[in-house]
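# Descriptive structure summary
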Amino acid sequence: MPANSQPSSLQEMLERMETAGNGNAQQVSVNELMNAVGYRSFGPLLLLIALIAISPLGGIPGVPTLFALCTIAIAGQLLVNQKHLWLPGFVLRRSVEQDKLAAFLDRLRPVARRIDAIARPRLVQLIRGPGLKIAALCCILVALTVPPLEVVPFAAAISWLAIGAFGLAVILQDGVIALVALIISLGGVLTAVNGVL
């Protein structure tokens, strides 16, 4: 499957992540995961970053903030019509253990099947053209809430849920999921504001 093609379902994306690195190594790098889901695929990359942030790799101090910066970089490149998304080498070299990744993906599969069963293309104008740019801007704003929340365990989870939902909406071409993501985003921003105050 071409590296630049976009997965058409959440289950397909999880399958691509599982085969990243060809299954031969004990570690799977962020670069290998990005290659698997498609470097030019905005939605899958946002969802991938959100999944990594809530995976075992996201438990390392500083990693949530690092991936928040990655989210801002990817969404910002979409806003300026960058065709090939770029991340710095030190981020791409980060890795997670293959067995931990596999276990994490196994836990996600039942959820993926349920989401794929109910999602369908609808209100597509919300995640195409100007709508996609608005989604990118929302992702940037939500990502900015992650650093102040990192000091509180799991507090940033709502922010990653919102970012992942935007990515999922793009993959599935489902504007209803985009609306849900927007609502979750507001919750993430309010959580961050309350945490700071």
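This is a predicted model, so every value here is computed, not measured.

### Quick word on the pattern of salt bridges
Inspection of the entire model under this criterion finds four salt bridges. The partner of E18 in a salt bridge is R109, with the nearest N and O atoms 2.7 Å apart. Here E18, found in helix α1 (residues 10-19), pairs with R109, found in helix α6 (residues 98-118); they are 91 residues apart in sequence, far enough to count as distant. Here D174 and R122 are joined by a salt bridge, their closest N and O atoms 2.8 Å apart. Highlighted residues: D174 in the loop between α9 (157-172) and α10 (175-196) and R122 in the loop between α6 and α7 (130-143), separated in sequence by 52 residues. Overall, the relative accessible area of 23% leaves R122 in the partly exposed class. Among the ionic contacts, a cluster of salt bridges with common partners joins E18, D106 and R109.

### Looking at unusual backbone geometry
One non-glycine residue, L123, lies in positive phi territory at about 45°. Relative to the elements of secondary structure, L123 occurs in the loop between α6 and α7. One non-glycine residue, Q173, lies in positive phi territory at about 55°. Note that Q173 resides in the loop between α9 and α10.

### A short note on the nonpolar core
Formed by 66 residues in total, the largest nonpolar core has its most connected members in M17, F42, L48, F67 and W160. Apart from residues no more than four positions distant in its own chain, M17 is found in contact with L33, V37, L48, L51, L101 and L105.

### Focus: the confidence of the model for the protein
Mean pLDDT over the protein: 84, with 87% of residues reaching 70 or higher. Ranking the elements of the protein by mean pLDDT puts α10 last with 81 and α7 first with 91.

### A short note on the environment of G188
Inspection of the secondary structure puts G188 in helix α10. Residue classification places G188 among the buried residues on the basis of a relative accessible area of 0%. Spatially, the C-alpha atoms of G188 and L161 are 8.9 Å apart, while their sequence positions differ by 27 residues. For G188, the contacting residues outside a window of four places in its chain are T145, L149, I158 and S159.

### As for the state of the cysteines
The tally for this structure, following the rule as stated, stands at zero disulfides. Among the cysteines around C138, which has no disulfide bond, C139 carries the closest sulfur, lying 7.0 Å off.

### Points about α6
With 21 residues, α6 extends 30 Å from end C-alpha to end C-alpha; this agrees with the ideal 30 Å at 1.5 Å per step. Within the span of α6, buried status applies to Q98, L101, F104, L105, L108, A112 and D116. The inward-facing, buried residues of α6 abut α1, β1 (27-29), α2 (30-37), α3 (42-53), β2 (95-97) and α9.

### Quick notes on the environment of S55
With respect to the element layout, S55 can be found in the loop between α3 and α4 (63-79). When its relative accessible area of 11% is taken as the criterion, S55 is described as buried.

### What to know about a nonpolar patch on the surface
Nonpolar side chains collect at one region of the surface, where L123, L126, V176, L179, V180 and L182 lie side by side and expose about 420 Å² of accessible area between them. Summarising the element assignment, L126 is placed in the loop between α6 and α7. Residue L126 is classed as partly exposed on the basis of its relative accessible area of 31%.

Quick notes on the rules
Residues numbered from 1 in each chain as written. Predicted model: local features only at pLDDT ≥ 70, side-chain atom pairs only at ≥ 80, totals over all residues. Heavy atoms only, no water. Salt bridge = Lys/Arg side-chain N within 4 Å of Asp/Glu carboxyl O. Helix = DSSP H or I, 4+ residues; strand = E, 2+ residues; numbered from the N terminus. Buried < 20%, exposed > 50% of the residue type's maximum accessible area, 1.4 Å probe, protein only. Core = buried A, V, L, I, M, F, W, Y, C linked by side-chain atoms within 4.5 Å. Contact = heavy atoms within 4.5 Å. pLDDT = per-residue confidence, 0-100. Disulfide = S-S within 2.5 Å. Expected span 1.5 Å × (residues − 1). Patch = residues over 30% accessible without salt bridge, like charges linked within 9 Å, V, L, I, M, F, W, Y side chains within 5 Å. Areas by Shrake-Rupley, 256 points an atom, 1.4 Å probe, with all protein chains shown as cover.

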